[in-house]
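# Structural features, examined
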Number of protein chains: 2
Amino acid sequence: MLANAANNNNNNNNNITSTKDDLSSFVASHPAAEFEGFIRACVDEIIKLAVFQGTNRSSKVVEWHEPAELRQLFDFQLREQGESQDKLRELLRETIRFSVKTGHPYFINQLYSGVDPYALVGQWLTDALNPSVYTYEVAPLFTLMEEQVLAEMRRIVGFPNGGQGDGIFCPGGSIANGYAISCARYRHSPESKKNGLFNAKPLIIFTSEDAHYSVEKLAMFMGFGSDHVRKIATNEVGKMRLSDLEKQVKLCLENGWQPLMVSATAGTTVLGAFDDLAGISEVCKKYNMWMHVDAAWGGGALMSKKYRHLLNGIERADSVTWNPHKLLAASQQCSTFLTRHQQVLAQCHSTNATYLFQKDKFYDTSFDTGDKHIQCGRRADVFKFWFMWKAKGTQGLEAHVEKVFRMAEFFTAKVRERPGFELVLESPECTNISFWYVPPGLREMERNREFYDRLHKVAPKVKEGMIKKGSMMITYQPLRQLPNFFRLVLQNSCLEESDMVYFLDEIESLAQNL
Amino acid sequence: MLANAANNNNNNNNNITSTKDDLSSFVASHPAAEFEGFIRACVDEIIKLAVFQGTNRSSKVVEWHEPAELRQLFDFQLREQGESQDKLRELLRETIRFSVKTGHPYFINQLYSGVDPYALVGQWLTDALNPSVYTYEVAPLFTLMEEQVLAEMRRIVGFPNGGQGDGIFCPGGSIANGYAISCARYRHSPESKKNGLFNAKPLIIFTSEDAHYSVEKLAMFMGFGSDHVRKIATNEVGKMRLSDLEKQVKLCLENGWQPLMVSATAGTTVLGAFDDLAGISEVCKKYNMWMHVDAAWGGGALMSKKYRHLLNGIERADSVTWNPHKLLAASQQCSTFLTRHQQVLAQCHSTNATYLFQKDKFYDTSFDTGDKHIQCGRRADVFKFWFMWKAKGTQGLEAHVEKVFRMAEFFTAKVRERPGFELVLESPECTNISFWYVPPGLREMERNREFYDRLHKVAPKVKEGMIKKGSMMITYQPLRQLPNFFRLVLQNSCLEESDMVYFLDEIESLAQNL
């Protein structure tokens, strides 16, 4: 009898199919046991190629291939027969080769980057233990760890009584924002849990036009429809205009609709703007609306005594989205939803399934936290972050945050002074910095429609050049009437001033023939 | 200047805070680089303690402690100062010690278990590369890999034209079921994306009383309300009663409500029953309802020529939830939502955020698949499963499935013949087997109220005993009027006949004083 019936290797090169009869030995007790050498060899290559070599400044960020070409180069095909371990190791190496090195210092393309060694070790242990966090019984340690981390985060947010309330880990900030909508709806009309939104007065969600798209997306998913998400205009630095917010709220009331909540943003996706949270909290109070703060991106600044003023007023929020996988550089995913209200998550989402949340267990079942979630099985995203936090201390996280802000300020100063570069915002507040590069051939032009049309095409061309060269990855986008501009995003505290200069040099060099 | 500003170790025992000036060296280029020794030492312990020793039959499945006690034993506290690497390694070891060994052969408690060595290596590589799968640009290989795996799964489901349609990876089966509701709603009324459910005719979702709680939970989250989820009675073997389904549909129509969809189940959570999919598809056709099949648990049987008949009719579904992390033993999470409709996921969920899904990129942006999802950042859950599939081949996955079904049949036969054990279903269809154990002291009793009250208390007491002893973990639950019974769940193909006997012996032994 095979120790591992699942293995069907006909062309394997070691003893995968050996017969084991001694069931008391660990070899037979575990399908992986015969594979210790294979596992170790794979891990060794992962550490060497993906963790270190792939993130070396002298390596490419990406080896680019078009989809059709990549399909030729890589053997995606799933077949009847399994592959040999040699072939599998080759596939691992090729997976690394053809993947974008998001841990590379020159990957400044998204709101995540870097590979924190403690977070990585934390993820690897989590994978090995493969827990699902819904009952204390199957995840005792991770249950208490979630409680600890979420309480500490609420304390840092500044909720009353040293951080009262509740919180959960979510599969990303988008779904965390959905939880905010869900809690706001429940607080406004608990009967909606039973009745749904059919025949209800329309409930209106307010957020800024620069907010993350997830507010609208989740509102659509949750039965509100995009028409009931009101996008409030932002001012010249990307912050929600309070005058427009109040105007829109009044308009809703006049229409017989119900203002439900404001989703403010602390660190917008593109410009990195922080909404005026204290001001928004006044409007929410006046009209009895739930105040949510999407601090998925900017929340990390709360760790810094120097920068936490950017989020002044967040302590008045009803709920907060905060993703440690962004500014704090935990690995993906590590997203939290925090609320000052103790009971709402459980009241709002529970269904009391008797096959998972049995009440006649021998321990205190208030530690079975799974019924607060819309997920059933759920990964322990807490451990990597807790382990990082333990390793670095709160001071270490603060030093990390302050280092990336310092680099962002250095970069901004360089952009400001360097010919051809122009900032979108003169003084960005967060560590994402938006700017244009005007190639020499365009600099003398009048700033008319033709100029902006041509400038609009610069960033996509430069982006194409850098990806094909593999020298760096930075994103670009238009915003409202503004033509395409670059957006540098910093979260990796190993970046230095010389890297900032490299980014500018590289863009200049890639644009020289435009 | 510190190479890693984030590190604030004051009491570290190696060169974490050493100064590095050479930016071209990989040491300075990467915060993890100085930590290679630490990473390797940690991985070595993870492999030794968590992957092997922790899953050895001679080890405990769990070292049990009450929450208050565990808080004393383990240092959860987050402090200003970071910890030394020695302390961190100690914390890793203690995390392993105090965690439930879900990969242990005697963890048969939930719908996941085991540690597949290929899946583990796949997860570890995914973590090292830390991708987010939303644009081809940042995840080229994983984008094409998702396409390949999802197409192959649709082909196996049996959708027309060799597997037409679309699919996505989801953070768990609950949310996958939510996608089914979302797609059904959109197909019925595309305007709901804009208008929401306010003022709409109530839309009704039908599912069986034995279906997973996520159908109701997601319906509540999505604005339907629990009242608009109609739970159809099941028959004596746990299958949805088609006569009751049709009766309920007609009742809805009489009330002026709109029957929207049926969520059938292929492998119910408790009894493992497979609904009559072909029959349900007829009802759906007749009343123009979306047909969803929640095959999160039972979907794995599709890999087996011997057992796929259990899901006959699934090929007629509009959509399917299928979690390879359950019966196919991929690590968590690995959940898919599959639909025969090519466009609905994108139409239904897209918001076209210009800062992520730029249309003026230099490559074919139809490969930027993120806008189909309600998540923005999203882990590459595909790789571990693809890698397992490559390693074992389709035949290997089939052998795995058939092995666990064979063990389930062996176990069922043993329960049937052994004194004191009684099956809840005489012939379970899936690899979850529900049964009572009647201790000797109860066997002579009349089967009256007192008997059932006493029997109801047996499983919780036995469960308490096994957890405190650490000898195995099996769940129990009541069902409708039935008193608490045990539910064995098999997904681990390394389990043998002798293990099945061990489970029965152990329950008998733990119950001997009851």
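- As recorded by an unreviewed UniProt entry, chain A carries the name Black, isoform C and is attributed to Drosophila melanogaster.
- Taken directly from UniProt, the Subunit (unreviewed entry) text for chain A runs: "Homodimer."
- UniProt, in its Sequence similarities (unreviewed entry) section for chain A, records the words "Belongs to the group II decarboxylase family."

### Notes on the relation of the copies chain B and chain A
- At an RMSD of 0.0 Å, chain B and chain A line up after a rotation of 180° and a shift of 0.0 Å along the axis. Such values leave the two copies arranged in the relation of a two-fold axis. Within chain B, the C-alpha atom positioned nearest to the axis of rotation is that of Met222 of chain B, 1.8 Å from it.
- The share of interface residues of chain B whose copies in chain A are also at the interface is 100%, consistent with both copies meeting through the same surface.

### Notes on the domain arrangement of chain A
Residue and element names in this part refer to chain A.
- For chain A, the assigned domains read domain 1 (132-379) and domain 2 (392-510).
- Here the C-alpha centre of domain 2 lies 31 Å away from the C-alpha centre of domain 1.
- Listed by partner, the interface residues are 26 residues for domain 1 and 25 residues for domain 2.
- Between domain 1 and domain 2, a total of about 2100 Å² is buried, with carbon and sulfur atoms accounting for 61% of that surface.
- Summed over the three residues of domain 1 that lose the most area to domain 2, namely Val270, Leu271 and Tyr307, the buried surface amounts to 29% of that side.
- Taken together, the connections running from domain 1 to domain 2 amount to four salt bridges.
- A salt bridge links Glu209 to Arg480, with the shortest nitrogen-to-oxygen separation between them at 3.8 Å.
- Our enumeration of links across domain 1 and domain 2 arrives at 14 residue pairs in polar contact (both at pLDDT 80 or more).
- A breakdown of the residues in the side of domain 1 that touches domain 2 according to their chemical character gives 13 nonpolar, six polar and seven charged.

### Things to note about the UniProt feature "modified residue: N6-(pyridoxal phosphate)lysine" (unreviewed entry) in chain A
Residue and element names in this part refer to chain A.
- UniProt tags Lys326 as "modified residue: N6-(pyridoxal phosphate)lysine" (unreviewed entry).
- Looking at the element boundaries, Lys326 is found in the loop between strand E7 (319-322) and strand E8 (335-339).
- The contacts of Lys326, once residues within four sequence positions are left out, are Leu111, Ala296, Trp297 and Gln491.

### Comments concerning the pairing of strand E5 (residues 258-265) of chain A
All names here are of chain A.
- Extensive coverage of E5 is indicated by the burial of eight of its eight residues.
- Alignment of strand E3 (residues 203-208) against E5, held across five bridges, turns out to be parallel. Considered in E5, the bridge of Thr207 is made with Ser263.
- One crossover worth recording links E5 to the parallel strand E6 (residues 290-294) by way of helix H12 (residues 277-286), and it is right-handed.

### Overview of the packing of aromatic side chains
- On inspection of all chains with the given rule, the structure shows 65 aromatic pairs over all chains.
- Among the aromatic residues, those joined into a ring-pair cluster are Phe35, Phe38, Phe74, Phe76 and Phe98 of chain A together with Tyr118, Phe142, Phe383, Trp386 and Phe387 of chain B.

### Some details on the packing of helix H5 (residues 117-129) of chain B against helix H14 (residues 382-417) of chain B
Residue and element names in this part refer to chain B.
- For the pair H5 and H14, interaxial distance at closest approach is 8 Å and the crossing angle is 140°. With respect to each other, H5 and H14 are oriented oblique. The handedness of the crossing between H5 and H14 is right-handed. Of the residues in H14, those touching H5 at Tyr118, Ala119, Val121, Gly122, Gln123, Leu125 and Thr126 are Phe383, Lys384, Phe387, Met388, Ala391 and Lys392.
- Residues of the contact of H5 with H14, tallied by class, amount to eight nonpolar, three polar and two charged.

### Remarks on the interface of chain B and chain A
- Each partner contributes residues to the interface: chain B has 193 residues there, and chain A has 194 residues.
- A combined buried area of about 17100 Å² lies between chain B and chain A, and 62% of that area is made up of carbon and sulfur atoms.
- Contact with chain A buries surface across chain B, with Phe198, Phe221 and Tyr355 of chain B losing the most and accounting together for 6% of the total.
- When the shortest N-O distance is used, the salt bridge between Asp371 of chain B and Lys217 of chain A registers 2.8 Å.
- Applying the counting criterion to the chain B and chain A interface returns 79 residue pairs in polar contact (both at pLDDT 80 or more).
- It is H14 of chain B that contributes the most residues to the side of chain B that touches chain A, 16 residues altogether.
- Taken together, the residues of the side of chain B that touches chain A break down into 95 nonpolar, 62 polar and 36 charged.

Rules behind the numbers
Residues numbered from 1 in each chain as written. Chains lettered and ligands numbered in written order. Predicted model: local features only at pLDDT ≥ 70, side-chain atom pairs only at ≥ 80, totals over all residues. Heavy atoms only, no water. UniProt positions renumbered as here; feature names shortened; annotations may be inferred. Least-squares fit on C-alpha atoms with pLDDT ≥ 70 in both. Contact = heavy atoms within 4.5 Å. Domains from an automatic or database assignment. Buried area = accessible area lost by both parts, 1.4 Å probe. Salt bridge = Lys/Arg side-chain N within 4 Å of Asp/Glu carboxyl O. Polar contact = N/O pair within 3.5 Å; in protein donor to acceptor, adjacent residues only side chain to side chain. Nonpolar A, V, L, I, M, F, W, Y, C, P; charged D, E, K, R; others polar. Helix = DSSP H or I, 4+ residues; strand = E, 2+ residues; numbered from the N terminus. Buried < 20%, exposed > 50% of the residue type's maximum accessible area, 1.4 Å probe, protein only. Pairing = 2+ DSSP bridges. Right-handed = clockwise from strand over helix to strand, strands pointing away. Phe/Tyr/Trp six-rings, centres within 6.5 Å; stacked < 30°, edge-to-face > 60°. Axes fitted to C-alpha atoms, helices over the stretch in contact; angles between N-to-C directions. Parallel < 35°, antiparallel > 145°, perpendicular 65-115°, else oblique. Left-handed = near helix turned anticlockwise from the far one by under 90°.

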